[in-house]
Structure formats: structure tokens, C-alpha cells
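# Breakdown of the fold
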Amino acid sequence: MRPRWGRVGVVGSSMVPALVAGEQLLVRWGGEPAVGDIVVVRRGGRLDVKRAVRREAAGWWVAGDNTGASEDSRVYGVVPDADVLGVARWRCWPWRSRGRV
């Protein structure tokens, strides 16, 4: 099966300083995360960009890099595997900050 790729925009300040609002990420949908990867998770009716902190039996513990501005696993607990949708691989916008995430 061919990997599926797509783009996700960063909203808010939960991933500062690694990522800032307005940046666009190239995401490998269905990619298997590793500890430290930036992942896209489903939270209710929205998508969140977080860092995979640790693997647990029930899924992934995720956190924002800016703990003061992040609602993450400290609030909602472990994210089930089915809700970890993809792994960010590349920052593609803005042009001046493009590169590996």
C-alpha cells in the first residue's frame, strides 16, 4: 500500500517554539510514530498537532511543547492508536522556514 500524504496547518501556540501558528506541515497519514515525533491526533471534531511523548498499552501520551498553552494528555489522558492519524515529516510553509520537523 502506498503511503498517503497531506498537509495540516498549525493553529495556536501549544507547539511553540518548535512550531508556530500559520505553519503548514506535510503529514504521512497512518505513519507509525516514534517517541519525539510530531503527530496529528483526533480530539473530538478537530485535529491537534502534538509531540508523541511515550507509548502506553492504551495508545500514546502526547504533549504540546509549550506546556502553559497546551491542552494535551495531561488533561485528556492517553490518545488511542486509532486517533493518532499521522506523523509530521516536513514543514512546507512558510517558505523561509521549510525543512524537517
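In the block above lies the structure referred to throughout.
Residues numbered from 1 in each chain as written. Predicted model: local features only at pLDDT ≥ 70, side-chain atom pairs only at ≥ 80, totals over all residues. Heavy atoms only, no water.

## Describing the overall build of the protein chain
Threshold: Strands here are runs of E lasting at least two residues and helices are runs of H or I lasting at least four, both read from the DSSP assignment and numbered beginning at the N terminus. Whether a residue is buried, partly exposed or exposed follows from its accessible area with a 1.4 Å probe, protein chains only, as a fraction of its type maximum: under 20%, in between, or over 50%, in that order. Reported accessibility uses the Shrake-Rupley method at a 1.4 Å probe radius. Residues are deemed covered only where the shown protein chains occlude them. For the charge count, each Lys or Arg is scored as positive and each Asp or Glu as negative, with His and the chain ends excluded. Note on charges: their place is set at NZ of Lys, CZ of Arg, CG of Asp or CD of Glu.
If you tally the helices and strands in the protein chain, you get one helix and seven strands. The linear arrangement of helices and strands in the protein chain, starting from the amino end, is β-β-β-β-β-α-β-β. Seen through its C-alpha atoms, the protein chain measures out along the principal axes to roughly 40 × 40 × 25 Å. Within the protein chain, the fraction of its 101 residues that count as buried is 40%. Accessible area for the protein chain stands at about 5,800 Å²; split by element, carbon and sulfur atoms hold 53% of it. Across the protein chain, the centroid of the 17 positively charged side chains sits 7 Å from that of the 10 negatively charged ones.

## Focus on the environment of V40
As a reminder of what qualifies: In what follows, residue pairs with any heavy atoms lying within 4.5 Å of each other are defined as contacts.
When you line up the elements, V40 lands in strand β3 (residues 38-43). Its relative accessible area of 0% is what places V40 among the buried residues. Measuring from C-alpha to C-alpha, the distance between V40 and V62 comes to 9.9 Å, with 22 residues separating the pair along the chain. Discounting chain neighbours no more than four positions away, the residues touching V40 are V8, V27, W29, L47, D48, V49, D83, V84, L85 and G86.

## Re the nonpolar core
Stated formally: In this description, a nonpolar core means a group of buried Ala, Val, Leu, Ile, Met, Phe, Trp, Tyr and Cys residues linked to one another through side-chain atoms lying within 4.5 Å.
In terms of nonpolar packing, the biggest core is built from ten residues, these being V8, V10, M15, L19, L25, V27, I38, V40, V49 and A88. Counting residues per element, the ones that place at least two in this core are β2 (24-29) and β3. The contacts of V10, once residues within four sequence positions are left out, are L19, V20, A21, G22, E23 and L25. The next biggest cluster of nonpolar side chains, apart from the first, holds nine residues, and it includes A52, Y76, V84 and V87.

## Points about the pairing of strand β5 (residues 59-63)
Basically, it comes down to this: Note on pairing: two strands pair once DSSP finds at least 2 bridges between them.
Most of β5 sits inside the fold, with five of its five residues counted as buried. With five bridges joining them, strand β4 (residues 46-56) and β5 adopt antiparallel strand pairing. What sits directly across from R51, in β5, is A63. Connecting the antiparallel pair β4 and β5 is a turn made up of two residues.

## So, the side chain of S73
Within the secondary structure, S73 is located in helix α1 (residues 73-76). Taking relative accessible area as the criterion, S73 reaches 2% and is therefore assigned buried. Not counting residues up to four positions away in its chain, the partners in contact with S73 are W60, W61, V62, V78 and V79.

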